Amino acid sequence: VFIVYDASPQQEVGMGALYLASKLEECPIRMRDLINVYDLLLARNTHDLACRGLQDHEKPEFKYKPMGYFSQVFYDMKDSLVVAEMQILKRLGFNVSVVLPYGTLINYLRILGLMERENVISKAWGYLNDA
């Protein structure tokens, strides 16, 4: 069976943006891991669209068959990912320097004398992570 990779440009840009964002963190994700997750999401989306309008008891169970390690689908998605990442970098002018707010948070907590209050520290840290 020959499967053609078919994702919208928005999905490809989303995949490229996630990959680029992960590179700016301490622990970047592997390209293969991101592609595997996107393949699963695309398969789930295709299944959900095919089942639209069916009653719950009529809907077939979602079954996912992972792509082969050296499949053409993987290499097509990888090419799309690299192109999307390069397009994003080009439009950003390769200016991807990021100042994370955690150091500033620690400074403010020290200035306000809140370093001993665990609940305040964990809440502030949580808000930064959610933002």
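Residues numbered from 1 in each chain as written. Predicted model: local features only at pLDDT ≥ 70, side-chain atom pairs only at ≥ 80, totals over all residues. Heavy atoms only, no water.

> What is the right way to look at the nonpolar core in this model?
As a rule of thumb, nonpolar side chains are buried together in soluble globular proteins. Of all hydrophobic cores here, the largest spans 12 residues; its members are M15, Y19, M31, L34, I35, Y38, L42, M67, V73, F74, M77 and L81. Of all the elements in the fold, those that place two or more residues in this core are α1 (9-23), α2 (31-50) and α3 (72-91). With 5 residues, the top contributor of residues to this core is α2. When near neighbours in sequence (up to four residues on either side) are disregarded, M67 contacts I35, N36, D39, V73, F74 and M77. (Core = buried A, V, L, I, M, F, W, Y, C linked by side-chain atoms within 4.5 Å. Buried < 20%, exposed > 50% of the residue type's maximum accessible area, 1.4 Å probe, protein only. Helix = DSSP H or I, 4+ residues; strand = E, 2+ residues; numbered from the N terminus. Contact = heavy atoms within 4.5 Å.)

> Looking at this structure, how should I read the packing of aromatic side chains?
The relation between two aromatic rings is expressed through the spacing of the ring centres and the mutual angle of the planes. Within the structure shown, the criterion is met by 3 aromatic pairs. Judged by centre distance (5.0 Å) and plane angle (85°), the rings of Y69 and F70 are edge-to-face. Ring geometry for Y102 versus W125: centroids 4.6 Å apart, planes at 35°, classification tilted. Here W125 lies in helix α5 (residues 118-130) and Y102 lies in helix α4 (residues 102-111), a separation of 23 residues in the sequence. When the ring centre of Y69 is taken as reference, the NZ or CZ atom of R32 above it lies at 3.9 Å. A cation over a ring is seen here: R32 above F74, with NZ or CZ 3.7 Å from the ring centre. (Phe/Tyr/Trp six-rings, centres within 6.5 Å; stacked < 30°, edge-to-face > 60°. Lys NZ or Arg CZ within 6 Å of the ring centre and 35° of its normal.)

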